[in-house]
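Each chain, letter by letter, is given below.
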Amino acid sequence: MLGVTIRRDAPIKLHRFVDYFQGFEKVRAVRDRFGPQTEKVLEDLKVEFFSSRFGFMGVSEEDGHLIVSTHYLRNGEERELYLDVIHELVHVRQFQDGRKFFPEDIDYPDRPTEIEAYKVAVEEARRIGMKEEEILEYLKVPWMDDDDYTKLLGNLGIKVVTGSD
Ligand SMILES: [Zn+2]
């Protein structure tokens with residue numbers, strides 16, 4: 001009818017995680033997730049890059065591989081990239097455990113899978129010496145509006161101190 005052909009079976013090009021992200025097997029927060037399997041899990045983990053200016057990182061719900069924006073990879077702040085990788089590795093573990101990390105009936109900031117991933121990232125942020133205001137800034141992401149942001153902070157037990165008055 002339209003006179004065109006669209007092949008819908010486009011392959012996804014996957015790369016080895018460890019070719020692009022090195023040393024994460026030494027991070028305590030990562031080892032806590034995978035234990036003695038850490039090296040093997042990271043060795044086997046695949047990463048898919050996409051070139052949109054929008055979006056950051058995620059984990060495939062189909063097979064648990066990491067998905068990373070090349071734009072973000074080039075331009076993102078190093079500590080934020082580091083924390084995002086740790087956040088996503090929590091999702092990798094959740095995937096292995098058979099947990100659904102996109103339950104559609106639960107708002108993003110209330111999803112137990114997200115709260116767990118953000119908690120691990122925030123603990124790690126503190127460990128590497130980020131200040132509370134830098135952490136608050138890190139958590140301010142474009143896909144959450146003010147209500148979601150406040151909800152997430154509440155779920156993470158983070159208190160926002162504003163001024164002294
Ligand atoms: Zn997440």
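Here's what I pulled together on the structure shown here. Treat the numbers as computed from the prediction; the structure is a model and nothing was measured.

The rules behind each value
Residue positions are counted from 1 within each chain, in the order its sequence is given. Given that the model is predicted, a residue must reach a pLDDT of at least 70 before its local features are reported, and side-chain atom pairs must reach 80 or more before they are shown or counted; all residues, however, enter totals for whole chains, interfaces and linings. The side-chain figures draw on all heavy atoms in the structure; neither hydrogens nor water molecules are used. Strands pair, by our definition, only if DSSP identifies at least two bridges between them. By definition, any uninterrupted DSSP run of H or I lasting at least four residues is a helix, any uninterrupted run of E lasting at least two residues is a strand, and each is numbered from the N terminus. With water omitted from the atoms examined, metal sites may look incomplete; donors here are N, O and S atoms no farther than 2.8 Å from the metal, or 3.2 Å in the case of Na, K and Ca. Square planar and octahedral assignments, for four and six donors respectively, both demand that opposite donors be over 155 degrees apart and that all other angles lie between 65 and 115; tetrahedral needs four donors with all angles between 85 and 135 degrees, and anything else is irregular. Classification of residues uses two cut-offs on accessible area relative to the type maximum, computed with a 1.4 Å probe and protein chains only: under 20% is buried, over 50% is exposed, and between them is partly exposed. In plain words, nonpolar cores are sets of buried Ala, Val, Leu, Ile, Met, Phe, Trp, Tyr and Cys residues tied together by side-chain atoms within 4.5 Å. Note on definitions: a residue-residue contact is assigned when non-hydrogen atoms from the two residues lie within 4.5 Å.

Here strand β2 (residues 46–50) runs beside strand β4 (residues 66–69); their pairing, made up of four bridges, is parallel. In the sheet register, E48 faces β4, and the bridge partner there is I67. In this structure, strand β3 (residues 57–59) lies alongside β4, joined through three bridges in antiparallel fashion. Its bridge partner lying in β4, M57 is registered against V68. In sequence, β3 turns back onto β4 through a hairpin of six residues, with G64 there showing a positive phi of about 75°.

The protein atoms donating to the zinc ion are H87 (NE2), H91 (NE2), E114 (OE) and E114 (OE), with metal-donor distances spanning 2.0 to 2.7 Å. Coordination geometry of the zinc ion: the four donor atoms subtend angles of 53 to 150° at the metal centre, consistent with an arrangement described as irregular. Counting gaps between the donor residues of the zinc ion yields the pattern H-x3-H-x22-E. Remark: E114 occurs in helix α6 (residues 112–127) and H91 occurs in helix α5 (residues 78–96); sequence separation between them is 23 residues. This pair shows no difference in class: H91 is buried, exactly as E114 is.

This part takes up the nonpolar core. Core analysis: the largest hydrophobic core is formed by 46 residues, its most contacted members being F17, F24, L89 and L139. A total of eight residues in this core trace back to one element, the largest contributor, which is α5. Once you skip the residues sitting within four places of it in the chain, L89 turns out to touch F17, F24, V30, F34, L42 and L45.

Note that all results are geometric; they support no functional claim without further evidence.
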